[in-house]
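Remarks on the overall topology
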Amino acid sequence: MQENIITTEQAKNIQIDELLNKLSTTDKGISNLEASNRLQKYGPNEISEKKKNPFIKFLKNFWGPIPWMIEIAAILSAIIDHWDDFIIIIILLLLNAVVRFWEEHKADNAIELLKEKLALRARVLRDGEWQDIEARDLVPGDMLRLRLGDIVPADSKIICGDYLLTDESALTGESLPVEKHVEDISYSSSIIRQGEVDAIVVTTGMNTYFGKTTKMIEEAEKRSHFQKAVMKIGNFLIIVAVFLVILIFFVAMFRQESIAETLQFALVLIVAAIPVALPAVLSVTMAIGATSLAKKEAIVSRLVAIEEMAGMDVLCSDKTGTITKNELSVAELTHFDSYTDEDVLLLATLASREEDQDPIDNAIITKFKTLQSSEKLLKPYKVTAFKPFDPVAKRTEAKIEDNTGKIFNVSKGAPQVILSLLANDEAISTKINEIINTYAHKGYRTLGLAKTDSQGNWEYIGLIPLYDPPREDSKETIDTAKSMGVDVKMVTGDHIAIAKEVALQVDLETNMVPISSFIDKPDNEAQRIVETANGFAQVFPEHKFHIVDLLQNAGHIVGMTGDGVNDAPALKKADAGIAVANATDAAKSAADIVLTRPGLSVIIDSIKESRKIFQRMNNYSLYRIAETIRVLLFMTVSIIVFNFYPVTAIMIVLLALLNDAPIMTIAYDNVTYSNEPERWNMRMVLMVSTFLGIIGVGSSFGIFYIAQVILHLPKETIQSFIYLKLSVAGHLTLFVARTRGPFWSIKPSKILFFAVVITQTIATFITVYGFIVSPIGWILALFVWIYALVLFVLTDLLKVGLYKLIKRRKEKS
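Residues numbered from 1 in each chain as written. Predicted model: local features only at pLDDT ≥ 70, side-chain atom pairs only at ≥ 80, totals over all residues. Heavy atoms only, no water.

Confidence along the protein chain averages 80 in pLDDT terms, with 81% of residues attaining 70 or more. Confidence scores differ between elements of the protein chain, with helix α4 (residues 54–62) showing the lowest mean pLDDT of 46 and strand β14 (residues 407–413) the highest of 94. Confidence drops under a pLDDT of 50 for residues 55–59, and excluding neighbours within four residues, the segment shows 8 contacts in the predicted structure. Note on residues 213–222: pLDDT under 50 across the span, and 9 contacts to partners over four residues away in sequence or across chains. (pLDDT = per-residue confidence, 0-100. Helix = DSSP H or I, 4+ residues; strand = E, 2+ residues; numbered from the N terminus. Contact = heavy atoms within 4.5 Å.)

The residue A135 is located in the loop between β2 (129–134) and β3 (143–146) in this model. The exposure class assigned to A135 is buried, which follows from its relative accessible area of 6%. C-alpha of A135 to C-alpha of A154: the two residues are 19 residues apart in sequence and 8.1 Å apart in space. (Buried < 20%, exposed > 50% of the residue type's maximum accessible area, 1.4 Å probe, protein only.)

Further remarks concern a positive patch on the surface. On the surface, a cluster of positive charge is made up of R683, K804, R808, R809 and K812. With 4 residues, the top contributor of residues to the positive patch is helix α30 (residues 777–812). As for its position among the elements, R809 is in helix α30. Relative accessible area serves as the criterion here: at 60%, R809 is assigned to the exposed category. (Patch = residues over 30% accessible without salt bridge, like charges linked within 9 Å, V, L, I, M, F, W, Y side chains within 5 Å. Areas by Shrake-Rupley, 256 points an atom, 1.4 Å probe, with all protein chains shown as cover. Salt bridge = Lys/Arg side-chain N within 4 Å of Asp/Glu carboxyl O. Lys, Arg positive; Asp, Glu negative; His and termini not counted. Charge placed at Lys NZ, Arg CZ, Asp CG, Glu CD.)

Time to look at the packing of aromatic side chains. Tallying each qualifying case throughout the model produces 17 aromatic pairs. Each ring, one from F721 and one from F783, has its centre 6.1 Å from the other, and the planes form 15°; the classification is stacked. Pair noted here: F721 is in helix α28 (residues 715–737) and F783 is in helix α30, with a separation of 62 residues, a long-range link. Judged by its relative accessible area of 0%, F721 falls in the buried class. Looking at K451, its charged tip hangs above the ring of F408, at a distance of 4.9 Å from the centre. (Phe/Tyr/Trp six-rings, centres within 6.5 Å; stacked < 30°, edge-to-face > 60°. Lys NZ or Arg CZ within 6 Å of the ring centre and 35° of its normal.)

Attention now moves to the pattern of salt bridges. Scanning all chains against the criterion turns up 23 salt bridges. With its nearest N and O atoms 2.5 Å apart, the salt bridge here joins D198 to R145. Note that D198 is positioned in strand β7 (residues 191–203) and R145 in strand β3, a separation of 53 residues in sequence. In this structure, D198 and R145 share a single accessibility class: buried.

Here we come to the sheet that holds strand β8 (residues 298–300). Strand order in the open sheet made by the 8 strands is β8-β22-β21-β20-β9-β17-β19-β18, with mixed pairing throughout. A single partner strand is all that each edge strand has here, and the edge strands are β8 and β18 (512–514). With direction set aside, neighbouring strand axes in the sheet form an average angle of 20°. Contacts from helix α21 (residues 523–532) reach β17 (487–491), β18 and β19 (535–537) within the one sheet, and its direction differs from that of β17 by about 100°. (Pairing = 2+ DSSP bridges. Axes fitted to C-alpha atoms, helices over the stretch in contact; angles between N-to-C directions.)

What follows deals with unusual backbone geometry. Leaving glycine aside, a negative phi is the common case for residues, and trans is the common case for peptide bonds. In the Ramachandran plot, E183 falls in the positive-phi region, its phi being about 90° despite a non-glycine side chain. Inspection of the secondary structure puts E183 in the loop between β5 (178–180) and β6 (185–186). Given the relative accessible area of 28%, E183 is considered partly exposed. Even without glycine at this site, I772 takes up a positive phi of about 65°. Within the element layout of this structure, I772 appears in the loop between α29 (750–769) and α30. Taking the relative accessible area as the measure of exposure, I772 reaches 26% and is therefore partly exposed.

Structural data, given as C-alpha cells:
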C-alpha cells in the first residue's frame, strides 16, 4: 500500500487553502470517481487486525488444554508397546481437532459478519452532495461533517465551525476532553462530546495517529454471571474426576499393577469425565445466538451480553424512539405578541439545519414546507453562523442576515433555557409554564423559540409542541415483557405529565418519578424509590448511570437503552447495554447490543433468544454432570470393589470423542424459553444431574451383572458389551436431560437427533464387527440397545416425577 499524500504531522503545519489545493478538494468535495480511484490507491480506511493463522488454530485444537492428556496417554501407549492404541488415539485426536476447528471457524465467521454490520459510517461531501458512506471507504481529501456523538473516522483537519470537544482517552489515556478549533487535527477514534464542524480527511487507516501508535490488542472479555456458573461446573467436574482417578491409581499401585498402564488409563478416564466440549459448545452456541439475533435486527457486539439478558429482570427503556415512534410532528403552535404561526415556523426553520438530519429539525422543516409560500418566505434570509444542539446548552442558535443587511439571532430549545435568555423573564414565565403543562397533559413535548431585536435583546416568539405517538406494538410488547418477568421502566427527559400520558397509552403504571425525587437521597431510600417506580422523568443522560447503579446494588440484572454520547457510561455500566436504532457512534461503541430496527419488540426477541441459549447450556450442564457421575463412579466402584476394568483405555477415548461430536449440535437444539428471568440454581442442577447419574450407575452395574453372571461372557467381550451400553445410554441421557416434561414434550432439532443416530451407529458397528475392540455380534448389540431404551424410558418417568416433587415443595415453601 502506498503512503498517503501527506502525513498527519505535515497536515498540522499546512494552511487550509494550501491543504485543499494539495488534496485537490473543492467546495463541492471530491467526485465519487476520484474517491474510487483514491480508495484503490490508498486502501480502505481501517486498522488491520492480525489474522489468526488457520494452522495455529488447528494445532490449538489438537494440543489444547484438555486434549494434551489424551496425547500423553498416546505416548504412554507407545512406551508400553500398545501401538494399536497409539495409532487409534492419534487418528481420533485428528478427527476431533478437525471437528472443533470447523465449528470454531464457523463461529468466528459469524462474529466477523456481525462486526461488519457494526461498521462506522461517515457523512461526506462528494459531487456537491452530502452522502452517508461506510467509514472504511473514506479517502484523503474527503470533506467530513463531524457532529456530537460521532467517532472521528480518520485523521481530519478542521476547516470550518466553532469548536469540537473531543474525548481522546482511547489514544492518550487522558480522561479530560480536548478542545479543537479551525486548523486543528481531530484524530481517528476520538469521540466528539460537543460541537459540530466540517473537516478534511488527511490520513486514513494505518497511517493515522491511532494506526501508527496503537497495536491491535485483543480486548479481554469480562465474564458474565452465566459464564462464571458454567466454569464453576467445569471446575467441579474436574475436581471430582481427579479425586476418583487418584483413588483408582493408588488402589492399582497397592495391587502392584503396571504403573504405565494405570497412568494411561487414568489420563483417558479424566478426559472422559471432564467437559472437553465445554468451551466449544459455549462459543458455538453464543455465535449461533448472535447470528439469529442479527436476522431480527439486533447486532451483538459482546457475546456474553446474550447470556446476561437471560437473567435480566429490569429494562430501563428510553421513551423516544423505543416506546414511541420517534416520528415527531408539530402540533398546534403558540405565538406571542404580534408574531404569527407563520413567523414561528420560519424562525424555527432558520434555527434548524436540514443536512444534520436531526429529528426535531426535520419535524419543523417538514411542517414549514407545508406552507405554500415557504420558499418565498425563506429567500430573504441567510444563515451566517450556526451553533448546533448540545446536551449542556440544550438549544441551537443561528446568526441570520436578511436582504437589507439587518442581523439578528434566533434560538430554539428547552423552554426554560430559552426563557433564561430574556432580561426580564418574570412577566411571561407563568404563562409559558401554564401552556407547557397543558401541552404535557396531551402528551406533547415543547420547544421554546426566541430572537433578538434591533438592540440585541432576546424576545420570546412562541412555543412549538411536538407529538411523538407510541409505536403500535409498544403496548403488546410491554405486556409480553411483564409476562416474562421483566419490569419495564420508562426513562425520558420530558416533563412528568408527558411521561404519565405516554405510560397510560402503552399500559404502563403511572408511578413516574422525577429525577429530583431520589438523586440526593441516601442509597437505601433511593433504591426503594427506583425499584418501585414505573419510570423516570426529566432525566439527563448522566442520571442514567445512577439509576443503573442503584438497581444493580439492589440485586437486579439491568438492561439500559440509550442513543446519545452521554448515554455511553450507563450503557457500559448496565449488565446489558442496548444502543437503539439511529444511536450515535459513541453509544454503539459502548453498548453490548446495537438495534438496527426501532422499538421494544427487538429487545424482547433478544431476551427470548438469550433464554433459549440459557436453556441449551443448562441442558448441557445437566447432561455433563450426570454423565461424569455415571461413567466415573461406575468405573471407580468396578475397579476398587470388583477389581475389574469394565472398559479399556481406547474405549474411553472413543467414548469421549464420539460423544463430543453430537454434543456440539446442542447449540442448534429446539428449546422453549422460560417465562421468568433465568438464574443459575446450582442446587437444582446438582440434584437433578446426580439423580440421573446414580440411575445410570445402577443400570451399568445391571448390564455388568447380566454379562458376567447370567451370560458368562469373556472379559474382552464384557468390556465391548459395557462400552456400547455406556455410549448409547450416554446420548439417551442427553434426551432425558433436555426437557423437564416427558422426553417427547419438546422435539429435538434434526441436526442433534441425526448427529446422535450417526455416532451411535458408528459405535454399534465398531462393537459388532470388532474394529479396535473385541466383537460382540448383532444379537448382543441388539440386547444392549433394547436394555438402554427401556432404562431410558424408566429414567425419563422418574425425572418427571422428581421435577413434580421439586415443584410441589417450592409451592409449599
